[in-house]
Each structure stands twice: as C-alpha cells, then as structure tokens.
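# Results of the structural survey
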Amino acid sequence: MNNLNRSSNHKKPISLTLRMIVFVAVTISLCLFTINVVVLNVVEHHFKEQDADELTVMNQSIFQHLHKLSASKVNQGAMLSQAVSGHHGVYFQVRNALGDIIYSSPELNLSNSLSNSLSTSLSTILSNSVSNPLSDAGSNKSLNNSPIVELDALQLWESNGHTFRGAVTPYAIGSDSFIIITAIDMEFHKTFLQSFRRSLALVMVLAGIATLLAVWFGVFQGLAPLRRLSHKVKSIEADQLDFRLDIKSVPKELTGLVLAFNQMINGLEKSFKQLSH
C-alpha cells in the first residue's frame, strides 16, 4: 500500500519533446542575445570611427584657416566661419590661450560644459596637457599639433536637449596657442540606433520562433520510429507471443530497446509453453 502511495506521488517525467525544445530555446536565446550585443557594439564602434574621422577632417580645415588667420590677423570670425562648410550637424569653437572665444558656431553652446575645465588656466592646458572640457575628469595628452582625433579622445555631453560627441584639440602656431573644440550632433545616430535596435530585436525574436518551430518539427519527425514501435507493441495480443520486432527496421538508437523487448517476449513465450504442458 505504501509503495502504491509513493508511486502515485511521483510526478510524471517531462516529455522528450519538451525537454529538447526547452534546451534548444535556452541555447538559442543565449546565442541570439550574444549576437545582438555584438552587432550593436560593432555598429556603435563604427559610428565612433566615422565621427573621429569627421572630427579629424574638421581639425585639418580649422588648422589651415588658423594659419591664414595668424598671417592676416583680420576678419577672424568671417575667416573661421568658412573653415567648416558643406557638413551637416557639425560645430566647432576656437579659443585662444587666455580662454577667450575667437569663433564659435552659433548653434554650439558650451558655457555649461566648459565651466569646470576653465577653472585651470587655458595657457597651462595648451602648453602641458589637453584638458577634457566635456566631463568632470581631465584626460592629459601631450601637445603635438596633430589634427587626428583618436577614439579614446571622443567625449559625449548634452546641451540644450541635444547630445554631442566631440573632442578637444590643442594647436600652436609659433607663439600663438589655441584650443579647438569640435562636435557632432548625435541626434541622427541616436534615432538610427533606436530604430536599428527595434528592427534587430524583431528579427531576433522571429528567428528564435522559427528556430523553435523547426526544432519541434525535427523532434516530431525524429520520434516517429519510436511512435511506430509503440504502436506495434500495443497491437500484440496474448496469442501472439511468437511476434518479434525487426531490429533492421528501427534506427540504431532503438536497437537496444528492440533487443530487450524481443528477449522479454521470448521469455514470456517459453514460460507460457511450460505452463501449458
């Protein structure tokens, strides 16, 4: 009686199909999540590289105009306003060694962003290091008059509801020192990434569902020999103890089960014959 109670309390094992689908679902989810993270990181890194190249081109043009400005000393604002043309959503600001603004794009407001860095003399920044005006922490680099913007020099900040990615580049022409702040409006990048994330998530979900359906169908087809074998066993009557399953008609994974069944039915047949005589 106790054995019957214990047997009735045992939960029915999970079906093979469900086990395989759950295992595949977990594996596919992890793989798709990893792919999603990697793809997004690659796209964002590509945007950073594009922005760094764009800022480098801006620096090169500004450097050239600063040389002209240094030679002429006239029409500073008008000359620098032509330094960057034909580019959408890009801004720059040029300051001298005293921190005075020589030129600033009308749409670029850095008053709040630069307040922390300007507590230190800009002349010291230009001669010894590059201060980071876009965050609270500074990043020291040597003054090498190079227009190239490295990826680790890029900074993000917000102003007037817009997000910018930019860099600070020191430059010296003879005894004149300048600090050049170049920036790119990130609104296009943000809009694209938001749309791309949604599209990528939708593709991943659909791919996951399609994969699980394919797995379910594959498991269903894979278990077909077992269902046929079960049907044959159920059809055996008491007067058919001479029935044997054909080992050649089942996949090798079921060979052991067929052999065990044949041995069992063979034993039953011998025992029945002994009782009959």
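Quick caveat: nothing in here was measured; it's all calculated off a predicted structure. (Residues numbered from 1 in each chain as written. Predicted model: local features only at pLDDT ≥ 70, side-chain atom pairs only at ≥ 80, totals over all residues. Heavy atoms only, no water.)

What follows covers the packing of aromatic side chains. The tally for this structure, following the rule as stated, stands at seven aromatic pairs. Here Phe63 and Tyr171 contribute two aromatic rings whose centre-to-centre distance is 3.7 Å and whose plane-to-plane angle is 15 degrees, an arrangement assigned as stacked. Linking Phe63 in helix α2 (residues 16–72) with Tyr171 in strand β4 (residues 162–173), this pair joins segments that are 108 residues apart in sequence. With relative accessibility at 6%, the residue Phe63 sits in the buried group. Aromatic pair Phe192 and Phe196: ring centres 5.9 Å apart, planes at 15 degrees, arrangement stacked. One end of the pair, Phe192, and the other, Phe196, are both in helix α5 (residues 187–222), four residues apart, so they sit about a helical turn from each other. Through a chain of ring-to-ring contacts, the aromatic side chains of Phe47, Phe188, Phe192 and Phe196 assemble into a single cluster. The positively charged end of Arg227 is found above the aromatic ring belonging to Phe220, 4.0 Å away from the centroid. (Phe/Tyr/Trp six-rings, centres within 6.5 Å; stacked < 30°, edge-to-face > 60°. Helix = DSSP H or I, 4+ residues; strand = E, 2+ residues; numbered from the N terminus. Buried < 20%, exposed > 50% of the residue type's maximum accessible area, 1.4 Å probe, protein only. Lys NZ or Arg CZ within 6 Å of the ring centre and 35° of its normal.)

In total, this model carries two salt bridges according to the counting rule given. The shortest N-O distance in the salt bridge between Arg197 and Glu44 comes to 2.8 Å. Pair noted here: Arg197 is in helix α5 and Glu44 is in helix α2, with a separation of 153 residues, a long-range link. Glu44 gets classed as partly exposed once you look at its relative accessible area, which sits at 28%. With a shortest N-O distance of 2.6 Å, Asp51 and Arg165 are connected by a salt bridge. Remark: Arg165 occurs in strand β4 and Asp51 occurs in helix α2; sequence separation between them is 114 residues. The buried category is assigned to Asp51, whose relative accessible area is 3%. A relative accessible area of 10% means that Arg165 is categorised as buried. (Salt bridge = Lys/Arg side-chain N within 4 Å of Asp/Glu carboxyl O.)

When the terminal C-alpha atoms of helix α7 (residues 255–276) are compared, their 31 Å separation across 22 residues agrees well with the 32 Å that a helix rising 1.5 Å per residue should span. Taken residue by residue, α7 has Val258, Phe261, Asn262, Ile265 and Glu269 as its buried positions. Buried residues of α7 fall within an arc of 100 degrees about the axis and therefore sit on the same side. In α7, the exposed positions that point more than 90 degrees away from the buried face belong to Gln263, Lys270, Gln274 and Leu275. Here the buried face of α7 lies against α6 (224–234). (Expected span 1.5 Å × (residues − 1). Arc of directions from axis to C-beta. Contact = heavy atoms within 4.5 Å.)

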